[in-house]
Amino acid sequence: MENKWNELSAQAAIEKYRDVHEDIALRVYTSRLIGANPSLVLHGGGNTSVKSKIKNKVNEEVDVLYVKGSGWDLDTLEPPGLPGVLLDHLIKLRGLDSLSDEDMVNEQRTHLLDASSPNPSVETLLHAFLPHKFIDHSHADASLIIANQPDAEKICKEIYGDTIGIVSYIMPGFALAKAAAEVYEKNKNVEGLMLINHGLFTFGSTAKESYDRHINAVTMAEAYVANKQPKALTPLEGLAISADEKVLLNALAPVLRGLYFEKSGKSWVIHHRKNEKTKAFASSQECATWSQIGTATPDHVIRTKQKPLLLNLKQWQDTNALRNEVASALETYCENYHEYFKSNKEAKGVDKKELDPLPRVLLVAGLGLITIGKTVKETKIAADIYQHTVDIIHKSFSVGNYVPLKSNELFDMEYWSLEQAKLGKSKAPVLQGKVAYITGAASGIGLATANLFAEQGANLYLADLSQDKLIEAAEGIRNKHKVGVVARVLNVVDEDAVRDSFADLVANFGGVDFLISNAGNAVQGPIGQINLKDLRQSFELNFFAHQVLASEALRLFLIQKNGGVILFNASKAAFNPGKGFGPYALPKAAIVALTKQYALDYGQFGIRSNAINADRIRTSLFSEVVVAERAAARGLSTDDYFKSNLLQQEVFDTDVAQGFLNLALAEKTTGSIL
Ligand code: ZN
């Protein structure tokens, strides 16, 4: 593993953070070095600390432990992510015989320097009880391969001699902190500690020394692993699936989304991790046993659950048969989870509420790794973790064996209040887990709708003709909202491209809940004299494109089997045509009929279809010249033209967006033209 310490960068960090103590600046610098390497830590994993001194308000010098705060990731750490805790008090706690987790958190919080700091790491006491100035902790892949071996202690001796101490598995908290300090005190020459089934700690008197020792220890473990002959995976015999990945994913993902909704009443998004290694693992005979043992380090359990669901599909070409096959596999998984919960709860005599039993990680033969979550971020975290887990498991078996924590200990971790706190308790936005496909999304009504749906938590598939505007729109939404946003340059009159975009949509999110079919263009001309070709073109864009989009959304809705909403941007021209505007009004009138036809034909499946007849919105659809003409045709000034309605208020694109959202949420409204 490459040592990334760079003297100039270290000095630059001291300069950048000159408002804080140099100790903290360097602590941030090497924490980020560790955090930036996914083979060391993933998503909030690992923690670091530094011991320093400050003058308090009454000018007394006090010792302070700055340790990573919960909610911060090492790769993006900043000084406020290192809450300072009064060190003397933490050290005194070591004299206690026991300390509950709740009391530990309370002691840490009540001895913070800054009352507004985040909670210090659950491993704070371990950092406090060791005397070293700098301490680094990771869940490095290579150290987990060693730490999960049945003879880990012997292998550590072989690799490190007496330079790394061994700490038997104990859950993070007071007892682990005491045990780690005792191991250190038995041999004060150690440069670090290997925590069995958990990860690696190193320490030193400077940021560089602790970091160097960390990288060295991991590099030595990597060299040990690299020396072992990799175990060959045996491909599954008679693998039923030989389909193209995209075809298979398109068959499976909407079925999964539908079944998860059916089981939980909530919406989920699906992520497929394209990766040859995980695909080979999922398609191997070894996967059936190796994947069912447990997580590589305990805190992964809250992201991936203990075990992935395995699928080796037989029936993927027939949607109903596929649904039955997957439903039955899910049912078995959930029953096993209930049993795991019930038996551990009873054996431990604890009062816990069962978490939802649905798997977060799926290994699909012929396809590879799929993760499912309420947000795109959750799915990506689980995929990152499991991609590393596959490598750790495979290499562990190449070294010897893989013996991570057993179910009963993982249960303590999964149901530990301090771990669950990491997932946050904030109320989910109303459209969380939903997916909206919006055409004409780069500007005007489409963009306003995209922003509003994202604000409510929906993930977005944005299509538009204009690449530059689309990229800008997607970036703007990503910066404002924590939702998944995929942008696709698309001409909606290109039927093949539209159908392909739905395959792309499924590959990105697993399915769709709302189609906002908005793209259109105003074509003018006296109806008796217009060139037939121009009229047909207007119908292609303003009618047939909507029909193709709607039929594709419908196809997915019918597979998901949990409703779905089609929303058309029609136009008031359907009911109240304007002179010379026939080529636009005619297809828009047909859209109104189309809205009602979908409502009629598919209401029985809970699928809704509604439209908005927006009138006089200032968008790029109507150039200033056209607006001036329309206004003049009614004998009005431009501003009066926009306000000439009963409320005498101009209606904006954001108002139309609100209309789309209202129709999306109005669960018992269909066939409605707003
Ligand atoms: Zn840890």
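All values reported here derive from a predicted model rather than from experimental measurement. (Residues numbered from 1 in each chain as written. Predicted model: local features only at pLDDT ≥ 70, side-chain atom pairs only at ≥ 80, totals over all residues. Heavy atoms only, no water.)

**Describing the overall build of the chain**
How we decide: For the purposes of this entry, the term helix denotes a DSSP run of H or I that reaches at least four residues, the term strand denotes a run of E that reaches at least two, and both are numbered from the N terminus. Using a 1.4 Å probe on the protein chains alone, a residue whose accessible area is under 20% of its type maximum counts as buried, one over 50% counts as exposed, and one in between counts as partly exposed. Here a residue-residue contact requires only that any non-hydrogen atoms of the pair lie within 4.5 Å. Residue exposure ignores everything except the shown protein chains as possible cover, and the areas themselves are Shrake-Rupley values with a 1.4 Å probe.
Within the chain, the regular secondary structure consists of 25 helices and 17 strands. Projected onto its principal axes, the C-alpha coordinates of the chain cover approximately 95 × 70 × 50 Å. Burial statistics for the chain: of 674 residues in total, 54% are counted as buried. Long-range contacts, defined as pairs at least 24 residues apart, comprise 74% of the intrachain contacts of the chain with a sequence gap of at least 6. With an accessible surface of roughly 29,200 Å², the chain has 51% of that area assigned to carbon and sulfur atoms.

**Comments concerning the pattern of salt bridges**
The test is simple: By salt bridge we mean one thing: a side-chain nitrogen of Lys or Arg within 4 Å of a carboxyl oxygen of Asp or Glu.
If you walk through the whole model with that rule in mind, you get 33 salt bridges. Taking the shortest distance from any N to any O, the salt bridge between aspartate 136 and arginine 27 comes out at 2.5 Å. Separated by 109 residues along the polypeptide, aspartate 136 in strand E4 (residues 134–138) and arginine 27 in helix H2 (residues 22–35) bring together distant segments of the chain. A relative accessible area of 0% places aspartate 136 in the buried class. On the basis of relative accessibility, which here comes to 0%, the residue arginine 27 falls in the buried class.

**Here's the deal with the nonpolar core**
Heads up, the condition is: Residues grouped as a nonpolar core are buried Ala, Val, Leu, Ile, Met, Phe, Trp, Tyr and Cys residues, joined through side-chain atoms within 4.5 Å.
Among the nonpolar cores identified, the biggest contains 67 residues, and Leu252, Ile370 and Tyr437 are the most heavily contacted of them. Among the elements that take part in this core, helix H21 (residues 532–560) stands out by supplying eleven residues, more than any other. Dropping the residues within four chain positions of it, isoleucine 370 is found in contact with Leu249, Leu252, Leu256, Ile270, His271, His272, Arg360, Val361, Leu362 and Val364. The next biggest cluster of nonpolar side chains, apart from the first, holds 63 residues, and it includes Ile24, Leu40, Val361 and Leu369.

**Regarding the packing of helix H1 (residues 7–16) against H2**
To keep it simple, the criterion reads: Angles here are taken between N-to-C directions and fall from 0 to 180 degrees, while the axes themselves are lines fitted to C-alpha atoms, restricted in helices to the stretch in contact. Note on terminology: angles under 35 degrees are roughly parallel, angles over 145 are roughly antiparallel, angles of 65 to 115 are roughly perpendicular, and the others are oblique. Handedness of a helix crossing follows the sense of rotation of the near helix relative to the far helix, less than a right angle counterclockwise being left-handed and clockwise being right-handed. Each residue receives one of three labels: charged for Asp, Glu, Lys and Arg, nonpolar for Ala, Val, Leu, Ile, Met, Phe, Trp, Tyr, Cys and Pro, and polar for the others, Gly being one of them.
Put simply, H1 and H2 touch, their axes get as near as 8 Å, and they point 130° apart. In terms of axis orientation, H1 runs oblique to H2. For the pair H1 and H2, the crossing hand works out as right-handed. Residues Ser9, Ala10, Ala13 and Ile14 of H1 form the contact with H2, whose own contacting residues are Glu22, Ala25, Leu26 and Tyr29. Looking at side-chain class alone, the contact of H1 with H2 contains six nonpolar, one polar and one charged residues.

**Describing the coordination of the zinc ion**
In plain terms, the rule: In this description, a donor is an N, O or S atom within 2.8 Å of the metal centre, a cutoff extended to 3.2 Å for sodium, potassium and calcium. Water is not part of the atom list, which can make sites seem incomplete.
Surrounding the zinc ion are the protein donor atoms His137 (NE2), His139 (NE2) and His198 (NE2), which sit 2.1 to 2.3 Å from the metal. Ordering the donors of the zinc ion by residue number gives the pattern H-x1-H-x58-H. Here histidine 137 is found in strand E4, whereas its partner histidine 198 is found in the loop between strand E6 (192–195) and strand E7 (199–204), with 61 residues between them in sequence. Judged on exposure class, the residue histidine 137 and its partner histidine 198 are both buried.

**Here's the deal with the sheet that holds strand E16 (residues 564–569)**
What holds strands together in a sheet is hydrogen bonding between their backbones, with the strands either parallel or antiparallel. Under the convention used in this document: By this definition, two strands are paired if DSSP reports at least two bridges between them.
One open sheet accounts for six strands, arranged E14-E13-E12-E15-E16-E17; its pairing is parallel. The sheet terminates laterally at strand E14 (485–489) and strand E17 (607–612), the two strands that pair on one side only. Averaged over neighbouring strand pairs, the angle between their axes works out to 15° when direction is ignored. Sheet topology places strand E15 (residues 514–517) next to E16; four bridges connect them, and they run parallel. Within the sheet, the bridge partner assigned to serine 517 lies in E16 and is phenylalanine 568. Contacts from helix H19 (residues 467–480) reach strand E13 (459–464) and E14, with the element oriented near 175° to E14.

**Points about the sheet that holds strand E11 (residues 368–373)**
Strand order across the open sheet formed by four strands is E8-E11-E10-E9, with mixed pairing between neighbours. Here the strands that pair on one side only, and so sit at the sheet edges, are strand E8 (269–273) and strand E9 (309–311). Adjacent strand axes in the sheet meet at a mean angle of 25°, parallel and antiparallel pairs treated alike. Judged from the three bridges that link them, E9 and strand E10 (residues 361–364) form a sheet pairing that is parallel. Considered in E10, the bridge of leucine 311 is made with valine 364.

**Some thoughts on the pairing of strand E12 (residues 435–439)**
For clarity, the threshold we go by: Here, the term right-handed applies to a crossover whose path from the first strand over the helix to the second runs clockwise when the strands point away from the viewer.
Within E12, five of the five residues are buried, which leaves the element mostly enclosed by the surrounding structure. For the crossover from E12 across helix H18 (residues 444–455) to E13, the handedness is right-handed. Bridging between E12 and E15 involves three bridges; their strand directions are parallel. In the strand pairing of E15, alanine 436 is matched with phenylalanine 514.

**Focus on the side chain of histidine 388**
Inspection of the secondary structure assignment puts histidine 388 in helix H15 (residues 376–399). Apart from the residues lying within four places of it in its own chain, the contact partners of histidine 388 are Pro38, Ser39, Leu42 and Asp141.

**Observations concerning H1**
Keep this limit in mind: Here, the arc refers to the directions that run from the helix axis to the C-beta atoms. Polar contact criterion, stated in full: a pair of N or O atoms within 3.5 Å, where within protein one must be able to donate a hydrogen and the other to accept it, and residues adjacent in sequence count only if both atoms are side-chain atoms.
Along H1, the residues that are buried comprise Ala10, Ala13 and Ile14. Projected down its long axis, H1 carries its buried residues within an arc of 100°, all on one side. Exposed and facing more than 90 degrees away from the buried side of H1 are Leu8 and Lys16. Tucked inside the fold, the buried residues of H1 contact H2. Near the N-terminus of H1, the side chain that reaches the backbone nitrogen of leucine 8, with its oxygen 2.8 Å away, is that of asparagine 6.

**Notes on the pairing of E4**
Most of E4 is tucked away: five of the five residues are buried. Pairing between E4 and E7: five bridges, direction antiparallel. Counterpart to phenylalanine 134 in the pairing with E7 is glycine 204.

**Side note on the packing of aromatic side chains**
The geometry of an aromatic ring pair comes down to the distance between the two centres and the angle between the two planes. The following threshold applies: In this analysis, rings of Phe, Tyr and Trp, with Trp reduced to its six-membered ring, are considered paired at centre separations within 6.5 Å, and the interplanar angle assigns stacked below 30 degrees, edge-to-face beyond 60, and tilted for intermediate values.
The final tally for this structure, using the stated rule, is 20 aromatic pairs. Grouped by ring-pair contacts, the aromatic residues Tyr337, Tyr340, Phe341, Phe411 and Tyr415 constitute a single cluster.

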